[in-house]
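Report on the structure
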Amino acid sequence: MEALSAAHTTPLFLSLLLLPILIHAKSEAMQPASLPTSLDSKQAHCDTSRVEVKEGKIASIVKEEDKDGKSKLENVIDYGESVVMPGLIDVHAHLGDPGRSEWEGFPSGTKAAAASAICGITTLVDMPLNSFPSTVSKETLELKLKAAESRIYVDVGFWGGLVPENEFNKSALEDLLNAGALGLKSFMCPSGINDFPMTNSSHIKEAKRGGDSLTVETCPHYLAFSAEDIRDGDTRFKCSPSICDAVNKEKLWAALMEGDLYMTTPDLKHLDDGDFLKAWGGISCLQFVLPVTWSYGQKYGVTLEQMALWWSERPAKLAGQKLKVLPLSSVDSVL
């Protein structure tokens, strides 16, 4: 069992002045257009509207019935039946820089997120383990920031780790959060990473009593796959927890639709010999989270509003970021 606590005050660290860090991508290819722009969006069961953009900021959102037929903007792009929605925020990414970039580093992970033709993720929040060392102190967070410099293609934030060495050290946790960690993650079972040992349930109980934000989440591969459909030795599907049977998958969808779940978050895989014990855990699906959730969700009647709630609004709230669809917000959107 793992737990994630957003960075609110708790009995362990009262009255903190939190200064969360969100590193912004600086790739020229991904910068918003400098000219004022209008993006038209139409969809059978959505309002037709115009998103007006100026200098990289959303200037206004104009509904079809409020248009005067003419745009004062210099560049109007009509996307026809396509949907313009908030950029996705993945609050559960494992970027192995520094120390384990052979599995997933900042360049490959953020490029996968930036594959907007099929993905649409504009912000990643990196988990505090899988890199080496794990992000459990101000000093290790600074190593993360240095490793990310000039090597990211979408915005990136960072969770800090709650481990036995810091869980009751108020000063160390204050330093980690004030250095920019968006919140804290802990494991109440072995994590599989030596420098990220498990804590116990006492902190989670304390966080609940203090009114902290605790989340329950799932991942697209648990919503898309079931154990019966995976052949023996196919290490591409090794992950933790393991993919369960179809009955469990249906229960996950039910929990998601009913609101009990809060959000949806090569050689190393030993493909030739199918050795699950040696294969690295984790499914390479970052670039497919949007189409997987939408496509498999059609069976359950998933709406675009729910997609925006699961992948944008709730993750933004958890990570302490403003949902970027309001006037004067930065243009973080997906088509």
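Description of the structure in this document. Computed from a prediction, not measured in an experiment: that's the story for all the values here.

The next thing to look at is the overall build of the protein chain. When you go through the protein chain residue by residue, the secondary structure sums to eight helices and 15 strands. Counting every position in the protein chain, which comprises 335 residues, the buried fraction comes to 48%. Total accessible area computed for the protein chain in this model is approximately 16800 Å², and 54% of it derives from carbon and sulfur atoms.

So, about empty space enclosed by the protein. Rolled over the atoms, a probe with the dimensions of a water molecule shows which regions are left empty. Size it by volume and the second largest cavity reaches roughly 30 Å³. For the lining of the second largest cavity, the element with the most residues is helix H6 (residues 246–258), which contributes three residues. Each residue belonging to the lining of the second largest cavity can be placed in one class, and the counts come to five nonpolar, one polar and two charged.

Every buried residue of helix H2 (residues 138–148) is accounted for by Thr140, Leu141, Lys144, Ala147 and Ala148. One face of H2 carries all of its buried residues, which in axial projection span an arc of 120°. Exposed side of H2, more than 90 degrees from the buried face: Glu139 and Lys146 are the residues found there. Backbone geometry just downstream of H2 places serine 150 in the positive-phi region, at approximately 60°.

This next bit is on the packing of aromatic side chains. Within this structure, the stated rule accounts for four aromatic pairs. An angle of 85° between the planes, with centres 6.0 Å apart, marks the rings of phenylalanine 187 and phenylalanine 196 as edge-to-face. Residues phenylalanine 187 and phenylalanine 196 agree in their burial class; the two are buried. Considering the side-chain rings of phenylalanine 225 and phenylalanine 237, the 5.0 Å spacing of their centres and the 90° angle between planes classify their relative orientation as edge-to-face.

Scanning the entire structure with this criterion turns up five salt bridges. Of the charged contacts, one joins arginine 231 and aspartate 234 as a salt bridge, the two residues approaching to 4.0 Å between their closest N and O atoms. For the salt bridge of lysine 299 with glutamate 250, the shortest nitrogen-to-oxygen distance reads 3.3 Å. Here the residues in one salt-bridge network are Arg231, Asp234 and Arg236, joined through shared partners.

One finds Met85, Leu88, Phe106, Ile121 and Leu124 to be the most contacted residues of the largest nonpolar core, which totals 46 residues. In terms of residue count, the dominant contributor to this core is helix H8 (residues 304–318) (five residues). By size, the runner-up hydrophobic cluster in this structure holds 15 residues, among which are Met127, Val136, Ile193 and Leu318.

This part covers unusual backbone geometry. Residues aspartate 97 and proline 98 are joined by a peptide bond in cis, for which omega reads -10°. Looking at the secondary structure, you find proline 98 in the loop between strand S8 (88–93) and helix H1 (106–113). That bond from phenylalanine 132 to proline 133 is cis: its omega, 5°, falls within 30 degrees of zero. Note on placement: proline 133 falls in the loop between strand S9 (121–126) and H2. Here asparagine 130, not a glycine, exhibits a phi torsion of approximately 105°, which is positive. Tracing the sequence through the fold places asparagine 130 in the loop between S9 and H2. In the Ramachandran plot, serine 150 falls in the positive-phi region, its phi being about 60° despite a non-glycine side chain. Here serine 150 is to be found in the loop between H2 and strand S10 (155–158).

Take cysteine 239: it is sitting in the loop between helix H5 (220–224) and H6. Residue class for cysteine 239 comes out buried when judged on its relative accessible area of 10%. Through-space distance from the C-alpha of cysteine 239 to that of tyrosine 222 is 9.9 Å; in sequence the pair is 17 residues apart.

We now examine H6. Under the 1.5 Å per step criterion, the end-to-end length of H6 is 18 Å for 13 residues, consistent within 8% with the ideal 18 Å. Those residues of H6 that sit buried are Lys249, Leu252, Trp253, Ala255 and Leu256. Seen end-on, H6 carries its buried residues on one side only, within an arc spanning 160°. Exposed residues lying more than 90 degrees from the buried face of H6 are Val247, Lys251 and Glu258. Just downstream of H6, glycine 259 is the residue with a positive phi angle, here 90°.

Here we come to the pairing of S9. Of all six residues that make up S9, six are buried, and the element is covered over most of its length. Pairing geometry for S8 and S9, over four bridges, is parallel. Within S9, the residue paired with leucine 88 across the bridge is isoleucine 121. Relative to S10, S9 runs parallel, the two sharing four bridges. Note on S10: the bridge partner recorded for threonine 123 is aspartate 155.

Reading the values: rules and limits
Residues numbered from 1 in each chain as written. Predicted model: local features only at pLDDT ≥ 70, side-chain atom pairs only at ≥ 80, totals over all residues. Heavy atoms only, no water. Helix = DSSP H or I, 4+ residues; strand = E, 2+ residues; numbered from the N terminus. Buried < 20%, exposed > 50% of the residue type's maximum accessible area, 1.4 Å probe, protein only. Areas by Shrake-Rupley, 256 points an atom, 1.4 Å probe, with all protein chains shown as cover. 1 Å grid on protein atoms, 1.4 Å probe; cavity = no way out; pocket = protein on both sides within 12 Å on 5 of 7 lines; lining within 4 Å. Points joined across faces, edges and corners; volume = space filled by probe spheres on them. Nonpolar A, V, L, I, M, F, W, Y, C, P; charged D, E, K, R; others polar. Arc of directions from axis to C-beta. Phe/Tyr/Trp six-rings, centres within 6.5 Å; stacked < 30°, edge-to-face > 60°. Salt bridge = Lys/Arg side-chain N within 4 Å of Asp/Glu carboxyl O. Core = buried A, V, L, I, M, F, W, Y, C linked by side-chain atoms within 4.5 Å. Expected span 1.5 Å × (residues − 1). Pairing = 2+ DSSP bridges.

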